[in-house]
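Chains, contacts and geometry: an overview
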Amino acid sequence: MFGLLGLAPVQEAVYQAVHDWPQLSTGELAAKLGLPEDEVKEALDDLVELRIIRTSHERPDRHYAVDPLLALQELLTREQEQMLARYERIMAGHTTILRILMAQKIRNTPDRPDGEGSAQLLVSADAVQQRLELLSEQAQHSVVAFMPDGPQASKLELWRRDARRVLDRGASVRVVGLTSIRENEAALKHARWLAEQGSEFRTAQTMPPPMVLVDSRTAILLADPRDSGKGGLLITQPALTNFLATLFEQVWDGAVPLGTSQHPDEITGPSAQERQLLMLIAQGHTDEVAASKLSISSRTARRMMASLMKRLDARSRFEAGVRAAQNGWL
């Protein structure tokens, strides 16, 4: 189970051994596991640092394991702290880049009239809107956006028209808004409209300033998130647009789909068989091995896992394991 939260197989094996045989010394644990003593000692040191193994005060060569539920919570907290730290680093980088670009007021270079690989200052809200309309006609694959407060009522129809243009060509649209948007009836109505048209809409507790990114190649950022009248930046520099695409995916992965409860406990829980599958996958077994142990076909195991990931809104098995543990499924 802990393998889903970053523990190496040897660390998980040592934790289990200490849990089962706390009376054994390091050398005896190594013999019991059939592992080199140095490797077991290193794993013990790592587990002590992770606060899921404790060193005995009476016998320094002995250890005891923290209760599995408490250990799981400790690892979950650590994982969440690391995710938050990564997010904060991304946000800091975003703010720094935007400040530098605004200070320099970078415009298209004469030898690149189409703006390829550059940034251009859009001097007014109208200039931003005109460029958004043009980009909506050019989008081929995807449009993603941060929409903290929802569009202004006066521009609602313009936003919808642009979204229709994109969706009619088969491109995808994904939008992240602030969680508070769920309490704003006008903004929530627009979010639902987007979802009804085939877009995907999620909400997050915190997020970067407003942004629209088209085909992962062209982005528009507001110059001042508090005042759209100050215009924005059109960015086509690959290094920056790649960064913004990564930023969006980071926020998207942690956001909650529109229509999904904010309370994880309300997610439909797993059946007994699904719970067994989660445990087997968490232990590192493949779909085929897990299916064999459950006496089901590999196809059924994959279908069950896909259903679990969808209900947990997880994009990877690691994320599914974390969310399953948070919901008390493991």
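Residues numbered from 1 in each chain as written. Predicted model: local features only at pLDDT ≥ 70, side-chain atom pairs only at ≥ 80, totals over all residues. Heavy atoms only, no water.

1. Quick notes on the overall build of the chain
For the chain, the helix and strand inventory stands at twelve helices and ten strands. Taking contacts inside the chain between residues at least 6 apart in sequence as the whole, the part at least 24 apart equals 68%. In the form shown here, the chain has an accessible surface area of approximately 17500 Å², with 51% of it arising from carbon and sulfur atoms. (Helix = DSSP H or I, 4+ residues; strand = E, 2+ residues; numbered from the N terminus. Contact = heavy atoms within 4.5 Å. Areas by Shrake-Rupley, 256 points an atom, 1.4 Å probe, with all protein chains shown as cover.)

2. Concerning the nonpolar core
If you look at the biggest cluster of nonpolar residues, it comprises 24 residues, and the most contacted ones within it are Val143, Val175, Phe201 and Ile220. Sorting the residues of this core by element identifies helix H5 (125-138), strand E4 (142-146), helix H6 (156-168), strand E5 (172-178), helix H7 (185-196) and strand E7 (211-214) as the ones contributing at least two each. Counting residues per element, this core draws most heavily on H7, at four residues. Val175 has contacts with Ala145, Met147, Leu194, Glu200, Phe201, Arg202 and Trp252, leaving out every residue within four places of it along the chain. With 21 residues, the next largest nonpolar core counts Met211, Leu247, Val251 and Ala255 among its residues. (Core = buried A, V, L, I, M, F, W, Y, C linked by side-chain atoms within 4.5 Å. Buried < 20%, exposed > 50% of the residue type's maximum accessible area, 1.4 Å probe, protein only.)

3. Considerations on helix H12 (residues 317-326)
Burial analysis of H12 places seven of its ten residues in the buried class, which makes it a mostly covered element. Every buried residue belonging to H12 is among Glu319, Ala320, Gly321, Val322, Arg323, Ala324 and Ala325, and all of these are buried. Two residues or fewer after H12 comes Gly328, characterised by a positive phi angle close to 80°.

4. Notes on helix H8 (residues 238-254)
Over its 17 residues, H8 extends 25 Å from the first C-alpha to the last, a length consistent with the 24 Å expected when each residue adds 1.5 Å. Among the residues of H8, Leu240, Thr241, Leu244, Ala245, Leu247, Phe248, Val251 and Trp252 are the ones counted as buried. Along H8, the residues classed as buried sweep out an arc of 160° about the axis, all on the same side. What points out from H8, more than 90 degrees from its buried face, is the exposed set Ala239 and Gly254. (Expected span 1.5 Å × (residues − 1). Arc of directions from axis to C-beta.)

5. Considering the confidence of the model for the chain
Averaged over every residue, the pLDDT of the chain is 75; residues scoring 70 or more account for 75%. When the criterion is pLDDT under 50, residues 105-117 qualifies, and its contacts beyond four places in sequence or with other chains add up to 20 contacts. Here residues 260-266 is modelled with pLDDT under 50, and outside its nearest four sequence neighbours on either side it reaches nine contacts, counting other chains as well. (pLDDT = per-residue confidence, 0-100.)

6. Brief notes about the packing of helix H1 (residues 9-20) against helix H3 (residues 37-49)
At a minimum axis separation of 9 Å, H1 and H3 run at an interaxial angle of 85°. Overall, the two elements H1 and H3 adopt an arrangement that is roughly perpendicular. Of H3, the residues touching H1 (which contributes Val10, Gln11, Val14, Tyr15 and Val18) are Glu39, Val40, Ala43, Leu44, Asp46 and Leu47. (Axes fitted to C-alpha atoms, helices over the stretch in contact; angles between N-to-C directions. Parallel < 35°, antiparallel > 145°, perpendicular 65-115°, else oblique.)

7. Looking at the pattern of salt bridges
A side chain with one charge can pair with a side chain of the opposite charge if their charged atoms come near. Applying the stated criterion across every chain yields a total of six salt bridges. Among the ionic pairs, Arg302 bridges to Glu288, the shortest N-O distance being 3.4 Å. One end of the pair, Arg302, is in helix H11 (residues 298-311); the other, Glu288, is in helix H10 (residues 287-294), with 14 residues separating them in the sequence. Residue class for Arg302 comes out partly exposed when judged on its relative accessible area of 40%. The network of salt bridges with common partners includes Glu137, Asp162 and Arg165. (Salt bridge = Lys/Arg side-chain N within 4 Å of Asp/Glu carboxyl O.)

8. Let's talk about the environment of Ser199
Within the secondary structure layout, Ser199 lies in the loop between H7 and strand E6 (200-204). Looking at Ser199, the relative accessible area reads 7%, which means it is buried. Here the alpha-carbon distance between Ser199 and Val144, two residues 55 residues apart in the chain, equals 9.9 Å. Once residues lying within four places of it in the same chain are set aside, the contact partners of Ser199 are Leu167, Val173 and Leu194.

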